[in-house]
Amino acid sequence: MEKSLSKDNQIYVPLIYSNNLLISPCVLTHGHCTKKFNDEQQALNYNYNNISAINSCMVIDIDVFKDYRYDENIFLDGIDHQFVSDMIAHGKKLKVLDYKCNHSFSGTEVPPFKSAVTRFKIFKKDYKYIFRNNRTEYLKLVGKRALKLSAQYKTLKFLLLLLKGD
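Model, not experiment: these values are computed from the prediction.

Q: Any chance you could explain the nonpolar core here in plain terms?
A: General note: in soluble globular proteins, nonpolar side chains tend to be found buried as a group. With 19 residues, the main nonpolar core has M58, F83 and L94 as its most contacted residues. For this core, the secondary-structure elements that each account for two or more residues are strand 1 (11–18), helix 2 (79–89) and strand 7 (94–102). Residues V117, L141, V142 and L149 belong to the second largest nonpolar core, which totals 18 residues.

Q: Sorry if this is basic, but what is going on with the sheet that holds strand 3 (residues 26–28) here?
A: Think of a sheet as strands paired side by side through backbone hydrogen bonds, with each pair either parallel or antiparallel. Strand order in the open sheet made by the three strands is 4-3-5, with antiparallel pairing throughout. This sheet does not close on itself; its edge strands, each paired only once, are strand 4 (34–36) and strand 5 (51–52).

Q: How do you make sense of the packing of helix 3 (residues 113–130) against helix 4 (residues 135–153) when you look at a structure like this?
A: Each pair of packed helices gets described by two things: the angle between the helix axes and the distance between those axes. Running from N to C, helix 3 and helix 4 point in directions that differ by 175°, and their axes come no closer than 10 Å. If you check the angle between helix 3 and helix 4, you find them roughly antiparallel. Along the contact surface, helix 3 presents F113, A116, F120, F123, K124, Y127 and K128, while helix 4 presents Y138, L141, V142, R145, A146, L149 and Y153.

Q: I tried to follow the environment of Q41 on my own but got confused; where do I start?
A: Position of Q41 among the secondary structure elements: in helix 1 (residues 40–45). Note on Q41: relative accessible area 47%, which makes it partly exposed. Note: C-alpha distance between Q41 and D98 (57 residues apart in sequence) is 9.0 Å.

Q: Teacher, can you tell me more about helix 2 here?
A: Side chains three or four residues apart in an α-helix point the same way, a direct result of the helix having 3.6 residues per turn. The element helix 2 is largely enclosed, with a buried count of eight among its eleven residues. For helix 2, the full list of buried residues reads I79, D80, H81, F83, V84, D86, M87 and I88. Once helix 2 finishes, G91 follows within two positions and takes phi at roughly 85°, a positive value.

Q: Before we go on, may I ask you to explain the environment of S56 in this structure?
A: Relative to the helices and strands, S56 resides in the loop between strand 5 and strand 6 (59–60). With 46 residues separating them in the primary sequence, S56 and N102 have C-alpha atoms 9.9 Å apart. Here S56 is in contact with P14, I16 and H103, once residues within four sequence places are set aside. For S56, the side chain forms a polar contact with the side chain of H103, separated by 3.5 Å.

Q: So what exactly am I meant to see when it comes to a nonpolar patch on the surface here?
A: There is a patch of nonpolar side chains on the surface, built from L156, L160 and L163 and spanning about 360 Å² of accessible area. Here L163 shows up in helix 5 (residues 157–163). Residue classification places L163 among the exposed residues on the basis of a relative accessible area of 70%.

Conventions we followed
- Note on numbering: residues in each chain are counted from 1, in written sequence order.
- Predicted model: local features are reported for residues with pLDDT of at least 70 only, side-chain atom pairs are reported and counted for 80 or more only, and whole-chain, interface and lining totals are derived from all residues.
- With hydrogens and water set aside, each side-chain value is computed from the structure's full complement of heavy atoms.
- Here, the term nonpolar core denotes a set of buried Ala, Val, Leu, Ile, Met, Phe, Trp, Tyr and Cys residues that are joined through side-chain atoms within 4.5 Å.
- Only protein chains enter the accessibility calculation, which uses a 1.4 Å probe; a residue is then buried when its area is under 20% of its type maximum, exposed when over 50%, and partly exposed in between.
- We count a stretch as a helix when DSSP gives it H or I for four or more residues in a row; a strand needs E for two or more, and each element gets its number in order from the N terminus.
- Paired strands, in this sense, are two strands between which DSSP finds at least two bridges.
- Each axis is a line fitted through C-alpha atoms, and for a helix only the stretch in contact is used; angles between axes span 0 to 180 degrees, taken between their N-to-C directions.
- Here the angle decides the label: under 35 degrees means roughly parallel, over 145 means roughly antiparallel, 65 to 115 means roughly perpendicular, and every other value means oblique.
- What makes two residues a contact is simply this: any of their non-hydrogen atoms within 4.5 Å.
- N or O atoms closer than or at 3.5 Å make up a polar contact, with two conditions inside protein: a donor-capable atom paired with an acceptor-capable one, and, for residues adjacent in sequence, both atoms drawn from side chains.
- Each patch is built from salt-bridge-free residues with over 30% relative accessible area, joining like charges within 9 Å and nonpolar side chains (Val, Leu, Ile, Met, Phe, Trp, Tyr) within 5 Å.
- Each accessible area is a Shrake-Rupley result for a 1.4 Å probe, and residues are judged covered by the shown protein chains and nothing else.
- When a carboxyl oxygen of Asp or Glu lies within 4 Å of a side-chain nitrogen of Lys or Arg, that pair is called a salt bridge.

What follows is the structure in structure tokens.
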């Protein structure tokens, strides 16, 4: 792995799997939507600025934090994509390492209903802040999640939470 490290890169991410699905890195599309890579090789060879990754197992050069702080208004969801987007905007490169990690990820699991409701409320609040200047993108992303969870749990609870303005 050492030969993968370079002074040109300051952010390193492994290949992260959840339920045998490669979830990170990924391609970040418009509106914080993500597109998964087809396989590891595609992720390792990807060399465009719309790459993103989750924070888990991320290795970051300490010098990055001389002039950067995570946005404390974002509690959990989107903080990783915001960080990577900010780094790319500042000319930093993300390097994918040929190293695999397994991770529990709420998007690939079916947690108990009460946990899913709590998690959705966090997701909604974080993206309400992230998309504070773009209500349409907020509604698309959070609405899609609300629809998925409503169908998954066979309840309107998530759609009602979406419509509830807090």
